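Below, each chain spelled out in residue letters.
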Amino acid sequence: MFSRKMLDRIEDWRGNPTRWEESNYKGTTPVTKRLLQYWFYEEHFVGEQDLAFRYWGCQREAMEILIYLREVLEAGNIAAVANALAFNVYEQATLFDQFRDLRVGQIAEREEQIREAFVDYVTRSSLPKFAFNMATGSGKTIVMAMAMAWLYLNEYSRHFLL
């Protein structure tokens, strides 16, 4: 669902020399700050042999992006994300398969239909929707578990559908 342009805009803030984490994750809740500290700064051991465990960089990046979008940009759905990142109707069109291959003139003609697609997508369900584009074996299940813990502990959602 995310277009390359959206990911590029998210990467802009991540590439800032003063990384978001160096500001103690400015704009997040105390619960979120504690979760991030626990996940990424404290040591974890697994099993009877006390093997050291660390989350992978891609898992951290996925959670940081999700949290940044929800708490800092206050974007709770795809339409709000596109709005927070100042997407115009042409960029919004790239988020939907049925509009992705349209030319500029065709997008202008179908602007109302594209905007309605956002409303329809957002109102189909009250459950939050998130997608992580991660490689096979990169720990998506762990990221989903972290996302559910974060949503639940911050009282953003008490219901989950996997």
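Bear in mind the structure is a predicted one, so any value in this text is a computation, not a measurement. (Residues numbered from 1 in each chain as written. Predicted model: local features only at pLDDT ≥ 70, side-chain atom pairs only at ≥ 80, totals over all residues. Heavy atoms only, no water.)

1. Topic: the environment of Asn 83
Spelled out, the test is: Under the scheme used here, helices are H or I runs from DSSP no shorter than 4 residues and strands are E runs no shorter than 2 residues, and both carry numbers assigned from the N terminus.
Within the secondary structure layout, Asn 83 lies in helix 4 (residues 78-84). Counting along the chain gives 10 residues from Asn 83 to Leu 73, while the straight-line C-alpha distance between them is 9.6 Å.

2. Focus on the confidence of the model for the protein chain
It should be kept in mind that the predicted coordinates are not to be read in detail where pLDDT is low. Keep this limit in mind: Per-residue confidence from the predictor is reported as pLDDT, a score between 0 and 100.
Scored by pLDDT, the protein chain comes out at a mean of 79, with 77% of its residues at no less than 70. Element-level mean pLDDT values for the protein chain span from 62 in helix 1 (residues 4-14) up to 95 in helix 2 (residues 30-41).

3. Considering unusual backbone geometry
What counts here: Here the term buried applies to any residue with accessible area under 20% of the maximum for its type, exposed to any over 50%, and partly exposed to those in between, with areas from a 1.4 Å probe on protein chains only.
A positive phi angle, near 55°, is found at Tyr 25, a position not held by glycine. Here Tyr 25 is to be found in the loop between helix 1 and helix 2. In this structure, Glu 155 takes a positive phi of about 60° despite not being glycine. Residue placement: Glu 155 occurs in the segment after helix 8 (140-153). For Glu 155, a relative accessible area of 59% puts it in the exposed group.

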